[in-house]
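A look at the structure
Listed here are the chains, written in short residue letters.
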Amino acid sequence: MTQVVRIHAYGDADVLRVDDIDVPAPAADEIQIRVKAIGLNRAEVMFRNGAYLQQAEFPSRLGYEAAGLVEAVGSAATGFAAGDAVSVVPPLDIARWGTYGELANVPARLVVKHPPSLGFEQAAAVWMQYVTAWGALLEQAKLGAGDFVIITAASSSVGLAAIQIANAVGATPIAVTRGPGKRQALLDAGAAHVIATQEQDLVAEVARITAGAGARVVFDPIGGPQFVPLTEAMARGGILLEYGALSSEPTPFPLFNVLGKSLTLKGYLYSEIVSDDAALARAKAFIVDGLDKGVLAPLIAKVFTFAQIQDAHRYLESNEQIGKVVVTV
């Protein structure tokens, strides 16, 4: 029997239960991993709450990220052997390939031999954040040297990854956060500028930073009322990539900003990269190279044990952290 975390109903962190189940052998195109560490994501909180794109079939496993050792290799999978240290690019089905557990079966195409310099905790914190940011900023927005990019929710793991990727290609990352408490931490994490919207005017600050030109790229997971000033702060011909809906308030459509500046507003999902073999290969190559060189380095906010999975979810929901929440198994 293997210990895994499952939910038997939607609800708060208390619905997370450690169950003993039989985990089947991997399918032909899968790899079975003995999990050593799990990276937590807000998507898993939303799934647990019943507020995600995918609905659960109870009892349901969950979890997108993990790192560990190859336990078994499916008959059609190649390039891996038992004992290999690997990490997982999050699959497209949070329940079918749930990673919260001692063992996890995942698609072989999404398993990566990460750089040996990474421990399991860091390796479990890599793929969701860097693939998400890479796909939006480089694959779609073509961010490059000389560009300014506004990154909202900048203290999240994806926001920090976006800051690092922007710096890696010579762009200027402008981190946006609510209060001033995270300002120094964001500067230490590589942000060229930090705007705290509770005490600073977003549009005026971006105009000052860009000498009036505005930012060509915006990377936002929030939506809501801030959508309008974000477009006001953009450069003519700019692109805004919306990859979430964290705000509970309506998101107005900034018609005159879009028309007047010929802006592109695009909804973006991580799955656009993961479902495309060629794009995924480009993402893996960029990220592994960046990790090898130390240009990309996941920041761990706090580490919990497997038995503390409920506490880990509560901490993630508190929004106190800067970086990734990780659970060791």
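Read on for an overview of the structure.

Turning to the environment of Phe 80, a few remarks are in order. Among the secondary structure elements, Phe 80 is positioned in the loop between strand 5 (67–73) and strand 6 (85–88). As for Phe 80 and Lys 266, which are separated by 186 residues in sequence, their C-alpha atoms are 37 Å apart. Excluding anything up to four places from it in sequence, Phe 80 contacts Ile 31, Val 73, Val 86, Ala 108, Val 111 and Lys 113.

The next point concerns the packing of aromatic side chains. Taken as a whole, this structure holds five aromatic pairs when the rule is applied. Residues Tyr 52 and Tyr 64 carry aromatic rings whose centres are separated by 6.4 Å and whose planes lie at 65° to one another, so their mutual orientation is edge-to-face. Of this pair, Tyr 52 sits in the loop between helix 1 (42–49) and strand 4 (60–61) while Tyr 64 sits in the loop between strand 4 and strand 5, and the two are twelve residues apart along the sequence. For the residue pair Tyr 52 and Tyr 64, the accessibility class agrees, reading buried in each case. On the numbers, 4.2 Å between centres and 20° between planes, the contact of Phe 219 with Tyr 243 is stacked. On the criterion of sequence distance, the pair formed by Phe 219 in strand 12 (residues 215–220) and Tyr 243 in the loop between strand 13 (234–242) and helix 8 (255–261) is long-range, its members being 24 residues apart. Residues Phe 219 and Tyr 243 agree in their burial class; the two are buried. One aromatic cluster in this structure is built from Phe 47, Tyr 52 and Tyr 64. The cationic tip of Lys 302 hangs over the ring face of Tyr 315; the distance from NZ or CZ to the ring centre is 5.0 Å.

The next thing to look at is the nonpolar core. Val 89, Leu 137, Phe 219 and Ile 287 are the most contacted members of the largest nonpolar core, which totals 90 residues. Here this core gets nine residues from one element, more than from any other, and that element is helix 3 (residues 127–140). Setting aside anything within four residues of it in sequence, one finds Val 89 in contact with Leu 110, Val 112, Trp 127, Val 131, Tyr 270, Val 274, Leu 280 and Lys 284.

Bringing the pairing of strand 5 into the picture now. Of the strand pairs in this sheet, strand 3 (residues 30–39) and strand 5 are connected by six bridges, and their pairing is antiparallel. Note that in strand 5 the partner of Ile 31 across the bridge is Val 73. The pairing of strand 5 with strand 6 spans three bridges and is antiparallel. Bridging from a neighbouring strand, Ala 67 pairs with Ser 87 of strand 6.

Contact geometry for helix 3 and helix 10 (residues 277–293): axes closest at 10 Å, N-to-C directions at 110°. Accordingly, the angle class assigned to the pair helix 3 and helix 10 is roughly perpendicular. Remark: the crossing between helix 3 and helix 10 carries right-handed chirality. Across from Trp 127, Tyr 130, Val 131, Trp 134, Leu 138 and Glu 139 in helix 3, the residues of helix 10 making contact are Ala 279, Arg 282, Ala 283, Lys 284, Phe 286, Ile 287 and Val 288.

Turning to helix 11 (residues 309–318), a few remarks are in order. Among the residues making up helix 11, those that are buried are Ile 309, Ala 312, His 313, Tyr 315 and Leu 316. The buried residues of helix 11 all sit within an arc of 160° when viewed along its axis, so they share a single face. Along its buried surface, helix 11 packs onto strand 1 (2–7), strand 2 (16–21), helix 1, strand 15 (300–305) and strand 16 (324–328). The positive-phi residue at the C-terminal boundary of helix 11 is Asn 319, with phi of around 60°.

Right, let's talk about the side chain of Ser 87 for a bit. Residue position: Ser 87 is located in strand 6. A distance of 3.1 Å separates polar atoms of two side chains, one belonging to Ser 87 and the other to His 114. Side chain to side chain, Ser 87 and Trp 127 meet in a polar contact 2.9 Å long. In this view, Ser 87 contacts Ala 66, Ala 67, Leu 110, Val 111, Val 112, His 114, Ala 123 and Trp 127; residues no more than four positions away in its chain are not counted.

This part takes up the packing of helix 1 against helix 11. Following both chains from N to C, one finds helix 1 and helix 11 inclined at 110°, their axes separated by 10 Å at the closest point. Taken together, the axis directions place helix 1 and helix 11 in an arrangement best described as roughly perpendicular. Across from Arg 42, Glu 44, Val 45, Arg 48 and Asn 49 in helix 1, the residues of helix 11 making contact are His 313, Leu 316 and Glu 317. Of the residues in the contact of helix 1 with helix 11, the class split is two nonpolar, two polar and four charged.

This brings us to the sheet that holds strand 13. Pairing within the open sheet is parallel, and its six strands lie in the order 11-10-9-12-13-14. The outermost strands of the open sheet, each flanked by one partner alone, are strand 11 (193–196) and strand 14 (264–267). The sheet shows a mean angle of 20° between the axes of neighbouring strands, taken without regard to direction. Both strand 13 and strand 14 contribute to a ladder of four bridges, which runs parallel. Of the residues in strand 14, the one forming a bridge with Leu 240 is Leu 265. The strands touched by helix 3 within the sheet are strand 9 (148–151), strand 12, strand 13 and strand 14, with strand 12 carrying the most contacts at an inclination of about 155°.

The rules behind the values
Chains are numbered independently. Their residues run from 1 in the order of the written sequence. Local features are withheld for residues below a pLDDT of 70 in this predicted model, meaning they are given only at 70 or higher, and side-chain atom pairs are given and counted only at 80 or more; totals for whole chains, interfaces and linings count all residues. Side-chain calculation: all heavy atoms of the structure are included, whereas hydrogens and water are not. Helix and strand definitions here come from DSSP, where helices need a minimum of 4 consecutive H or I residues and strands a minimum of 2 consecutive E residues; each element is numbered from the N-terminal end. Contact between two residues is taken to exist if any of their heavy atoms lie within 4.5 Å; hydrogens are not considered. Side-chain rings of Phe, Tyr and Trp, where Trp is taken by its six-membered ring, are said to pair if the distance between their centres is within 6.5 Å; with planes under 30 degrees apart they count as stacked, over 60 as edge-to-face, and otherwise as tilted. Any residue under 20% of the maximum accessible area for its type is buried, any over 50% is exposed, and the rest in between are partly exposed; the area is computed with a 1.4 Å probe on protein chains only. Only lysine NZ and arginine CZ atoms are considered, and such an atom sits over a ring when it is within 6 Å of the ring centre and within 35 degrees of the ring normal. Grouping buried Ala, Val, Leu, Ile, Met, Phe, Trp, Tyr and Cys residues that are joined through side-chain atoms within 4.5 Å yields what is termed a nonpolar core. Here, any two strands with at least 2 DSSP bridges between them count as paired. Here the axes come from fitting lines to C-alpha atoms, over the contacting stretch only for helices, and the angles between their N-to-C directions go from 0 to 180 degrees. Note on terminology: angles under 35 degrees are roughly parallel, angles over 145 are roughly antiparallel, angles of 65 to 115 are roughly perpendicular, and the others are oblique. Two helices that cross are described as forming a left-handed crossing if the nearer one is turned anticlockwise from the farther one by less than a right angle, and a right-handed crossing if clockwise. Note: the arc covers the axis-to-C-beta directions of the helix. Polar contact is the term for a pair of N or O atoms within 3.5 Å; when the atoms are in protein, one must be able to donate a hydrogen and the other to accept it, and sequence-neighboring residues count only if both atoms are side-chain atoms. Classes in brief: Ala, Val, Leu, Ile, Met, Phe, Trp, Tyr, Cys and Pro nonpolar; Asp, Glu, Lys and Arg charged; the others, Gly included, polar.

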